[in-house]
Amino acid sequence: MYWKVKSVTPQNDYTLLISFENGERRLFDMKPYLNIGIFKDLKDLEMFHTVRVCFSSIAWSNNADMDPEMLYHQSIPV
């Protein structure tokens, strides 16, 4: 199955509330990624809050992006 992101809302605790095309809403924790490569920039909450839907996944203004399937499988239902 292909997991298309419909919307994303950043939270101040470095989590993302993500709605998928299948109607599910899930919470993804970015904290484990904040010390890796380009994701280090996202420690700045202002940068973290630039997240947006990009094609069928998400991206930030620093060009960091994430795989939608990983976002789905590593998140928890809300």
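Right, let's walk through the structure included here. (Residues numbered from 1 in each chain as written. Predicted model: local features only at pLDDT ≥ 70, side-chain atom pairs only at ≥ 80, totals over all residues. Heavy atoms only, no water.)

**Digging into the overall build of the chain**
Regarding its fold elements, the chain presents 2 helices and 7 strands. Going from the N terminus to the C terminus, the chain shows its helices and strands as β-β-β-α-β-β-β-α-β. Taken over C-alpha atoms, the radius of gyration comes to 11 Å for the chain, in line with the 12 Å a tight globule of 78 residues would show. Projected onto the principal axes, the alpha-carbon positions of the chain cover approximately 30 × 25 × 20 Å. Expressed as a percentage of its 78 residues, the buried residues of the chain come to 40%. Taking all contacts inside the chain whose residues are at least 6 apart in sequence as the whole, residues at least 24 apart take part in 46%. Here the chain has roughly 4,600 Å² of accessible surface; of this, 52% comes from carbon and sulfur atoms. Separation between the mean location of the 8 positive side-chain charges and that of the 10 negative ones in the chain comes to 2 Å. (Helix = DSSP H or I, 4+ residues; strand = E, 2+ residues; numbered from the N terminus. Rg over C-alpha atoms; globule rule 2.2 N^0.38 Å. Buried < 20%, exposed > 50% of the residue type's maximum accessible area, 1.4 Å probe, protein only. Contact = heavy atoms within 4.5 Å. Areas by Shrake-Rupley, 256 points an atom, 1.4 Å probe, with all protein chains shown as cover. Lys, Arg positive; Asp, Glu negative; His and termini not counted. Charge placed at Lys NZ, Arg CZ, Asp CG, Glu CD.)

**Points about the sheet that holds strand β5 (residues 57–59)**
Spatially, 3 strands are ordered β4-β5-β6 in an open sheet, and the strand pairing comes out antiparallel. The sheet terminates laterally at β4 (52–54) and β6 (65–66), the two strands that pair on one side only. Here β4 pairs with β5 via 3 bridges, running antiparallel. The residue bridging cysteine 54 from the neighbouring strand is serine 57, located in β5. (Pairing = 2+ DSSP bridges.)

**Some thoughts on the nonpolar core**
The biggest cluster of nonpolar side chains holds 20 residues, and the ones touching the most others in it are Leu16, Ile18, Met30, Ile58, Trp60, Met66 and Leu71. If you tally residues by element for this core, the top one is strand β2 (residues 15–20), at 3 residues. Apart from residues lying up to four places away in sequence, isoleucine 18 is in contact with Val5, Ser7, Val8, Glu24, Arg25, Arg26, Phe28 and Leu71. (Core = buried A, V, L, I, M, F, W, Y, C linked by side-chain atoms within 4.5 Å.)

**Focus on the environment of tyrosine 72**
Within the fold, tyrosine 72 resides in helix α2 (residues 68–73). Counting along the chain gives 31 residues from tyrosine 72 to aspartate 41, while the straight-line C-alpha distance between them is 23 Å. Every residue in contact with tyrosine 72, bar those within four places of it in the chain, is listed here: Trp3, Phe20, Asn22, Glu24 and Arg26.

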